[in-house]
Structures are given as C-alpha cells and as structure tokens.
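Chains, contacts and geometry: an overview
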Amino acid sequence: MFYIHCPYCGEYREEEEFHPKGQAHIARPEDPDACSDEEWGDYLFFRDNPRGIHHELWVHAVGCRKFFNVTRNTVTYEILETYKMGEQPTFTAGGGEGHPEGRPSADAADQAPLREGVRA
C-alpha cells in the first residue's frame, strides 16, 4: 500500500481513498456538432497507455471529493507529483525539448516548490 498526497486537502492518505479516472489533459472538441463520428469516438474512447511517465486524472473519493492530476511512472508505479486541476505538470515524458524522461521541465524552477506525490 502507498499514500497519495491530495493537493487540495494537503493530506497524505491511503490509496484506497482515491480512484483513478483516466488520462489527464484531454481537450474536449470545441464544436462537438461539427465532429465526425470517428473524431467523436476517438475523443470518447481512445486514450494513451504509455510505458513510463503518464499524466492521470484522480479523485479523492473518500476525502474532499475533488479531482486532481497525478504524474505517475507506469513501469514502477511511482507517483512523481500531484497537482491541482488547471495546473501544468512539472515532470514530462520523453523530454520533447531535451528534457530526459522523468526530469522536471524547464519552467519547473519558476513554479512553487515541488509537489509531492507519494510517501512510502
């Protein structure tokens, strides 16, 4: 068992209080009526399932009942950070702009102190 930090409550609670809700940062189509059936189906049903760093949506079901995001390594199950809805992750996958996998992004130093995810 591990403990997850809720960014809203500020508490570390057992994983049983939380429920994963899928991939985070999925943009809803601006005009759903203009989407083809294939585009709408892709939005509703298809999600990334990477090996490594992944951003997920979770809910603190037994606590404050608020949704928040988690950056998790799907290989090791390690939670790298938790952060509030609307915020951007500090850790990114693949590096994109020269950042190695699992390393903080370039603007991470400008953000608030590193958000903790799990306490073993």
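Structure: above.
First, a word on what this report is: a plain description of the structure on this page. Computed from a predicted model, the values in this text were never measured in an experiment. The residue numbers shown here count from 1 along each chain, following its written sequence. Given that the model is predicted, a residue must reach a pLDDT of at least 70 before its local features are reported, and side-chain atom pairs must reach 80 or more before they are shown or counted; all residues, however, enter totals for whole chains, interfaces and linings. Here the side-chain values reflect all heavy atoms present in the structure, with hydrogen atoms and water set aside.

1. Points about the sheet that holds strand β4 (residues 53-59)
In this analysis, strands are considered paired if DSSP registers two or more bridges between them. Labels follow the DSSP assignment, with helices taken as runs of H or I lasting at least four residues and strands as runs of E lasting at least two, numbered in each case from the N terminus. Ordered by their spatial adjacency, 4 strands build an open sheet running β3-β4-β5-β6, and the pairing between neighbours is antiparallel. Two strands in the sheet have a free side with no partner beyond their single neighbour: β3 (19-23) and β6 (79-84). The sheet shows a mean angle of 35° between the axes of neighbouring strands, taken without regard to direction. Relative to β6, strand β5 (residues 67-73) runs antiparallel, the two being bridged by 5 bridges. Looking at β6, one finds that arginine 72 is bridged to isoleucine 79. Structural elements are reduced to axes, namely lines fitted to C-alpha atoms, with helices fitted over the stretch in contact, and the angle between N-to-C directions of any two is expressed from 0 to 180 degrees.

2. Some remarks on the pairing of β5
By the criterion of burial, β5 is predominantly enclosed, with 6 of the 7 residues buried. Pairing geometry for β4 and β5, over 7 bridges, is antiparallel. Residue pairing in the sheet places histidine 54 in a bridge with arginine 72 of β5. Following β5, the chain reverses through 5 residues before pairing antiparallel with β6; tyrosine 77 in that reversal takes a positive phi of roughly 70°. Three labels apply to residues, based on accessible area from a 1.4 Å probe with only protein chains included: buried if under 20% of the type maximum, exposed if over 50%, partly exposed otherwise in between.

3. Comments concerning the packing of aromatic side chains
Only centres within 6.5 Å qualify two rings of Phe, Tyr or Trp (six-membered ring in Trp) as a pair; their planes then separate them into stacked at under 30 degrees, edge-to-face at over 60, and tilted for everything else. A full pass over the atoms with the stated rule returns 2 aromatic pairs. Aromatic pair tryptophan 40 and tyrosine 43: ring centres 5.2 Å apart, planes at 40°, arrangement tilted. Taken as a pair, tryptophan 40 and tyrosine 43 lie in helix α1 (residues 37-45) at a separation of 3 residues, close to a single helical turn. For tryptophan 40, a relative accessible area of 25% gives the class partly exposed. Taking the relative accessible area as the measure of exposure, tyrosine 43 reaches 19% and is therefore buried. Whether a charge lies above a ring is judged from NZ of Lys or CZ of Arg, which has to be within 6 Å of the ring centre and within 35 degrees of the ring normal. When the ring centre of tyrosine 43 is taken as reference, the NZ or CZ atom of arginine 47 above it lies at 5.9 Å.

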